[in-house]
Amino acid sequence: MTTDAYPALTLVPKTDVKQSAKDFKSDQEVRWCPGCGDYAILSAVQAFLPDLGLAKENIVFVSGIGCSSRFPYYLDTFGLHSIHGRAPAIATGLATSRPDLSVWVITGDGDALSIGGNHLIHALRRNVNLKILLFNNRIYGLTKGQYSPTSEQGKITKSTPEGSLDYSFNPVSLALGAEATFVARTIDSDRKHLTEVLRAAAAHEGTALVEIYQNCNIFNDGAWEPLKDNDTRDDLMMRLTHGEPIRFGKDGEKGVARMPEGHVAVVNVADVGEDAILIHDAHAKDPGLAFALSRLANPRTLENTPIGVFRDIHRPSYDRLLREQIESVTERLGGGDLQSLLNGKDTWNVS
Amino acid sequence: MAKQVVKLNKVVIRFAGDSGDGMQLTGDRFTSETAGLGNDLSTLPDFPAEIRAPAGTLPGVSAFQLHFADHDIMTPGDAPNVLVAMNPAALKANLHDLPRGADLIVNTDEFTKRNLEKVGYAANPIEDGSLDAYNVHAVALTSMTVEALKGFEMSKKDAERAKNMYALGLLCWLYNRPSEGTLSFLRAKFAKKPVIMEANIAAYEAGWSFGETTEAFSVQYEIAPAPMKAGVYRNITGNPAISLGLVAASKLSGLPLFLGSYPITPASDILHELSKHKRFGVMTFQAEDEIAGIGSAIGAAYGGALAVTTTSGPGVALKSEAIGLAVSLELPLLIIDVQRGGPSTGLPTKTEQSDLLQAMFGRNGEAPVAIIAPQSPSDCFFATIEAARIAVEYRTPVFLLSDGYLANGSEPWLVPNVESLPTFEPNFATGPNHTAEDGTESFWPYLRDPETLARPWAKPGTKGLEHRIGGIEKADGIGTISYDPANHDKMVRLRQAKIDAIARTIPDVEVDDPSGEARVLILGWGSTFGPIGAACRLVRAEGQQVAQAHIRHLNPFPSNLGDVLKAYDKVIVPEMNLGQLALLLRAKYLVDVVSYNQVRGMPFKSDELAGVISDVLESL
Ligand code: SF4
């Protein structure tokens, strides 16, 4: 890959050796439950990282707490397994002070949206150069099966024997509401789609949020099954591609169109005509349409679930702005002289 | 009319007014002129937490006390010799501190029926004889200011606002302070508002000439410069001193400085100050909350920066879990806690020393950290550098416990020569540090330096050092996850031993006992240094003996501390808490120290402490 494919990584040193997925496997034994969706994501990431062509030592994975947060241990890069919910904050300090690193955050639905919700939304609005992979399995796995902020309302779990009462978060809607510059959704089992989305995220300057639908086969098995099952998925799931009409269904018979009242809705293409179907524009400055698309999905039945890149716009990253501010002040005033700083403006002499 | 000039050796002035009256600014300017004259000085601002409490009420009173002298002094003074009261509330709130016979300058214009009623005065104290014990100067400050600004195109209300400059002019005349500094300060401050600038200058000058011509003031005072060591001096408060210490530590270690912080009183000024120093490459990050403040700092430390988070007590509570992570990761990190009255929101603008045990123990698990406390505003500079040195050399979080009194109080500072400051090295890991039996080389992130027990600091971006660490217990040496019971026991002890090892690099505690015969030691930490020292002088002036020692390193303690404690019949430990250091001393050295405490949000008074010492001496 050339540097140009990943404009966000121009400041990160490149490797001159050819890397393979094997180079990114650490010597640690992977300890997720057999059958966990995390395995597929790990192997996709290991296979994808060589594409970036970066010096391995300049890649850092930072995680919080939860099953997914063990991820960094299994990659032979720098890795920091931190505390619950705080990975975006820690990664912000790292990425802000080290433009020569490619920084990734691994988090889950509980870690990112419950205990770490504040850090997540602020990382997104600030647009620090981080790539956040949010593994959404709609359950707390590591603490053995309580409902999470993305669990559907009414979910029966250990902590909600009569059904959960709280309404769920849609991470993509949340990220778009925070005006994140890059928001995408993909699925653990769709290696090709997952890799494409990771590639787009890596190329993006600023914070990228990638929601990955992940199966927890122990505590919430089959949560995303309708989107994976050959018989149902094409009917339920729309794949967003920039510049393409938003159509789905087995024969592309469904599409998304703007209604006379102003909102967008899923329609039969035959009813409205092909020209009425919206063309997906991930680069639209206004997040309104992307948000509207994110609201089409039914959290219970998973009908009308979009995957792909919802939004990918350019806004200078926080760390770049900070560096530029430091540079421009230094240019204007010259580098600092410690002695004159200590002296200050108001001194007197005693002889 | 030439006035009589009286020489004094020291004066304590307190300016008091409404929060909106500009008393802090007036005090700062008077201080600056006094510093320039070469007096030794010490200041104590005292302001409410509310930005503007209702005008004219007791909670809205803001005060600034300044002690200056022709000799070396240690405190802002127990009681003022002069009180400037801009309104009845200021009089009422401060009069009880004023000794009989002291000068009292009151702004008569504000003593209206309504203002008197607001603070519960049934009659005007200026007229009813209740102030007969004082030397009252009744001055119509507001109306004379308005009169002086007649020619200016401004509302009466705006003209009235310059009354603090009128008062400043008067006081500067009274104590023979120069004017140049204040005039150029006003010119710079109001450069964009020429009318306001001219009006403030005119008010200042009118106040000065009023002093010179009025018969209300028959004498003018002079306080000669104090003998001080030769060199360049500036006046400094604690928060800027910490900020300068951080920039210096960054230079001295060659590490970029990163501050992650969330605004909180009384620590925010460090964030403000550092954000001005971008030309030194300083990165300041105003985080979304206290946890992100320290989180970002941990990230920056992991990346090889000199990382700092600044806060006050409630913020420390929020950061506790992250401090534990930094203990476990063994990364250099400065946690600067400018203590204030607690618990909870407590007294945000008042001082207290009640976070010592929080700093020491406020985390889950065995999570030792180093703790340092500066003893005066200017010492904040040196204590910060020392804290940074320990953090970097021992790869550990270090607490710097300042407080509200140090943060806002000021004193003259002999500015050090940069060449004289200690340098220290980060010694980043550069390559593999472990060779297996089969000859393969690898990097072990928890292989310790045998001397310091510090682990390697391995910056991302260094080839061959890729490794994974986290908050889960790590195997000794190799640093991989380990749940092994024996390993955990070993790691807990190693982390403690590393902090204990710091004692080898810190100086012994010094005892000041001029006679060498004292049987009582008074031991303090942090900002009580000045009041304790002044109390010792009072006691010694009475011909009695007392030894004084002050500790800067609170964890670990200096190696000789136990011997020092045991050498005295009694050890008095005054603290602005309910005995936190005393608890640690008793636990560690089995010495039954006499704990003396107050938590009034104000520093100790030296005569109060002198009384405590005398009582203990009598009990021997
Ligand atoms: S509990 Fe669920 S999410 Fe966690 S490792 Fe097991 S299968 Fe995966």
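Parameters at a glance
- Residues numbered from 1 in each chain as written.
- Chains lettered and ligands numbered in written order.
- Predicted model: local features only at pLDDT ≥ 70, side-chain atom pairs only at ≥ 80, totals over all residues.
- Heavy atoms only, no water.
- Helix = DSSP H or I, 4+ residues; strand = E, 2+ residues; numbered from the N terminus.
- Rg over C-alpha atoms; globule rule 2.2 N^0.38 Å.
- Buried < 20%, exposed > 50% of the residue type's maximum accessible area, 1.4 Å probe, protein only.
- Contact = heavy atoms within 4.5 Å.
- Lys, Arg positive; Asp, Glu negative; His and termini not counted.
- Charge placed at Lys NZ, Arg CZ, Asp CG, Glu CD.
- Core = buried A, V, L, I, M, F, W, Y, C linked by side-chain atoms within 4.5 Å.
- Domains from an automatic or database assignment.
- Expected span 1.5 Å × (residues − 1).
- Phe/Tyr/Trp six-rings, centres within 6.5 Å; stacked < 30°, edge-to-face > 60°.
- Salt bridge = Lys/Arg side-chain N within 4 Å of Asp/Glu carboxyl O.
- Near = heavy atom within 4 Å.
- Nonpolar A, V, L, I, M, F, W, Y, C, P; charged D, E, K, R; others polar.
- UniProt positions renumbered as here; feature names shortened; annotations may be inferred.
- Pairing = 2+ DSSP bridges.
- Axes fitted to C-alpha atoms, helices over the stretch in contact; angles between N-to-C directions.
- Parallel < 35°, antiparallel > 145°, perpendicular 65-115°, else oblique.
- Left-handed = near helix turned anticlockwise from the far one by under 90°.
- Buried area = accessible area lost by both parts, 1.4 Å probe.
- Polar contact = N/O pair within 3.5 Å; in protein donor to acceptor, adjacent residues only side chain to side chain.

1. Observations concerning the overall build of chain A
Piece 1. In terms of helices and strands, chain A carries 12 helices and 12 strands.
Piece 2. A compact globule built from 351 residues would reach a C-alpha radius of gyration of about 20 Å, and chain A, at 22 Å, matches this within 12%.
Piece 3. Expressed as lengths along the three principal axes of its C-alpha atoms, the size of chain A is roughly 90 × 50 × 45 Å.
Piece 4. Counting the 351 residues in chain A, one finds 57% classified as buried.
Piece 5. Within chain A, counting contacts between residues at least 6 apart in sequence, those at least 24 apart form 68% of the total.
Piece 6. Looking at chain A, you have 36 positive and 44 negative side-chain charges, and the mean spots of the two groups are 4 Å apart.

2. Points about the overall build of chain B
Piece 1. On a plain count of helices and strands, chain B comes out with 20 helices and 25 strands.
Piece 2. Scaling as 2.2 N^0.38, a compact globule of 620 residues should have a C-alpha radius of gyration of about 25 Å, and chain B matches this with 27 Å.
Piece 3. With the principal axes as the frame, chain B shows a C-alpha extent of 95 × 65 × 45 Å.
Piece 4. Split into buried and exposed, the 620 residues of chain B put 62% on the buried side.
Piece 5. Here the contacts in chain B between residues at least 6 apart in sequence split such that 76% fall between residues at least 24 apart.

3. Side note on the nonpolar core
Residues and elements named next belong to chain B.
Piece 1. Counting 161 residues, the largest nonpolar core has Leu523, Leu581 and Leu585 as its most contacted members.
Piece 2. A per-element tally of this core places helix α14 (residues 379–394) first, with 10 residues.
Piece 3. Residue assignment places this core across two domains, with domain 2 (232–418) and domain 3 (509–617) each supplying three or more.
Piece 4. Dropping the residues within four chain positions of it, Leu585 is found in contact with Leu523, Phe557, Leu561, Leu565, Val573, Leu590, Val591 and Val593.
Piece 5. Ranked by size, the runner-up nonpolar core spans 47 residues in total, among them Phe68, Ala162, Tyr166 and Tyr204.

4. Section: helix α1 (residues 38–52) of chain A
All names here are of chain A.
Piece 1. For α1, spanning 15 residues, the distance from its first C-alpha to its last is 21 Å, which sits close to the expected 21 Å at 1.5 Å a residue.
Piece 2. Within the sequence span of α1, burial applies to Asp38, Ile41, Leu42, Ala44, Val45, Gln46, Phe48, Leu49, Pro50 and Leu52.
Piece 3. The secondary structure elements touched by the buried residues of α1 are β1 (59–63), β3 (102–108), β4 (131–136), α6 (191–203) and β6 (208–213).

5. Looking at the packing of aromatic side chains
Given two aromatic rings, one states the distance between the centres and the angle between the planes to describe the pair.
All names here are of chain A.
Piece 1. Scanning all chains against the criterion turns up 24 aromatic pairs over all chains.
Piece 2. Here Trp32 and Tyr74 contribute two aromatic rings whose centre-to-centre distance is 5.0 Å and whose plane-to-plane angle is 80°, an arrangement assigned as edge-to-face. Remark: Tyr74 occurs in the loop between β1 and β2 (78–81) and Trp32 occurs in the segment before α1; sequence separation between them is 42 residues. The burial state of Trp32 is the same as that of Tyr74; both residues are buried.
Piece 3. Taken together, Trp32, Tyr39, Phe48, Phe61, Phe71, Tyr74, Trp104 and Phe135 form an aromatic cluster joined through their ring pairs.

6. Remarks on the side chain of B:Ser296
Piece 1. Relative to the elements of secondary structure, B:Ser296 occurs in helix α11 (residues 290–302).
Piece 2. Classification of B:Ser296 as buried rests on a relative accessible area of 0%.
Piece 3. Not counting residues up to four positions away in its chain, the partners in contact with B:Ser296 are A:Ala89, A:Ile90, A:Gly93, A:Leu94, B:Phe258, B:Gly260 and B:Phe285.

7. Examining the pattern of salt bridges
Residue and element names in this part refer to chain A.
Piece 1. Enumeration according to the criterion identifies 41 salt bridges over all chains in this entry.
Piece 2. One salt bridge connects Glu205 with Arg320, and the closest N-O pair in it is separated by 2.6 Å. Taken as a pair, Glu205 in the loop between α6 and β6 and Arg320 in helix α11 (residues 318–333) lie far apart in primary sequence, 115 residues in all.

8. Here we look at the site of the ligand
Piece 1. Taken together, A:Trp32, A:Cys33, A:Cys36, A:Cys67, A:Asn137, A:Gly141, A:Gln214, A:Cys216, A:Asn217, A:Ile218 and A:Phe219 make up the full set of residues near the ligand.
Piece 2. Here the residues of the shell around the ligand are counted per class, giving 7 nonpolar, 4 polar and no charged.

9. Focus: the UniProt feature "domain: Pyruvate/ketoisovalerate oxidoreductase catalytic" (unreviewed entry) in chain B
Piece 1. In this structure's numbering, the residues bearing the UniProt feature "domain: Pyruvate/ketoisovalerate oxidoreductase catalytic" (unreviewed entry) are residues 20–207 of chain B.
Piece 2. Helix makes up 41% of residues 20–207 of chain B and strand 16%, and the two end C-alpha atoms of the span are 19 Å apart.

10. Notes on the sheet that holds strand β12 (residues 347–350) of chain A
Strands pair in a sheet through their backbones, by hydrogen bonds, and they do so in one of two ways: parallel or antiparallel.
Piece 1. The 3 strands lie next to each other as β12(A)-β9(B)-β16(B), forming an open sheet whose pairing is antiparallel. If you trace the sheet from one side to the other, it starts and ends with β12 of chain A together with β16 (410–414) of chain B, each paired once. Strand-to-strand twist in this sheet, taken as the mean axis angle between neighbours without regard to direction, amounts to 35°.
Piece 2. Pairing of β12(A) with strand β9 (residues 231–237) of chain B, which is carried by 4 bridges, proceeds in the antiparallel orientation. Along β9(B), the bridge assignment pairs A:Asn349 with B:Val232.
Piece 3. Along the sheet, helix α9 (residues 238–253) of chain B contacts β9 and β16 of chain B; its crossing angle with β9(B), the most-contacted strand, is approximately 120°.

11. A few points about the packing of helix α6 (residues 163–174) of chain B against helix α8 (residues 194–213) of chain B
All names here are of chain B.
Piece 1. Look at α6 against α8: their axes get within 6 Å of each other, and the N-to-C directions meet at 40°. Taken together, the axes of α6 and α8 lie oblique to each other. Remark: the crossing between α6 and α8 carries right-handed chirality. Side by side, α6 and α8 meet where Met165, Tyr166, Leu168, Gly169, Leu170, Cys172 and Trp173 of the first sit next to Asn200, Ala203, Tyr204, Ala206, Gly207, Trp208, Phe210, Gly211 and Glu212 of the second.
Piece 2. Here the residues of the contact of α6 with α8 sort into 11 nonpolar, 4 polar and 1 charged.

12. Description of the pairing of strand β10 (residues 257–261) of chain B
All names here are of chain B.
Piece 1. With respect to burial, β10 is a largely interior element, 5 of its 5 residues being buried.
Piece 2. Burial along β10 is two-sided: Leu257, Leu259 and Ser261 facing one way and Phe258 and Gly260 facing the other are all buried.
Piece 3. As judged from the 5 bridges shared by β10 and strand β12 (residues 306–311), these two strands associate in the parallel manner. Looking at the pairing, Ser261 lines up with Thr310 of β12.

13. Details of the sheet that holds strand β10 (residues 264–268) of chain A
Residue and element names in this part refer to chain A.
Piece 1. An order of β8-β9-β10 is seen for the 3 strands of this open sheet, with the pairing classed as antiparallel. Looking at the sheet topology across the chains shown, the edges are occupied by β8 (247–248) and β10.
Piece 2. Strand direction decides the pairing type here: β8 and strand β9 (residues 254–258), joined by 2 bridges, are antiparallel. Note that in β9 the partner of Arg247 across the bridge is Gly255.

14. Re the UniProt feature "domain: Thiamine pyrophosphate enzyme TPP-binding" (unreviewed entry) in chain A
Piece 1. Look at the UniProt record and you will see "domain: Thiamine pyrophosphate enzyme TPP-binding" (unreviewed entry) annotated at residues 65–212 of chain A.
Piece 2. Taken end to end, residues 65–212 of chain A is 32% helix and 19% strand, and its two terminal C-alpha atoms sit 17 Å from one another.

15. Here we look at the domain arrangement of chain B
All names here are of chain B.
Piece 1. Under the domain assignment used here, chain B contains domain 1 (2–220), domain 2 (232–418) and domain 3 (509–617).
Piece 2. Distance from the C-alpha centre of domain 1 to the C-alpha centre of domain 3: 36 Å.
Piece 3. On the side of domain 3, 11 residues touch domain 1, which itself brings 8 residues to the contact.
Piece 4. When domain 1 packs against domain 3, the two sides together hide about 810 Å² of surface, and 57% of this comes from carbon and sulfur.
Piece 5. Three residues stand out in domain 1 for area buried against domain 3, namely Met74, Thr75 and Asp78, and they jointly supply 67% of the buried area on that side.
Piece 6. Its salt-bridge partner being Asp97, residue Lys605 comes within 3.6 Å of it at the nearest N-O pair.
Piece 7. Counting the contacts that link domain 1 with domain 3 gives 3 residue pairs in polar contact (both at pLDDT 80 or more).
Piece 8. Residue classes in the side of domain 1 that touches domain 3 are distributed as 3 nonpolar, 1 polar and 4 charged.

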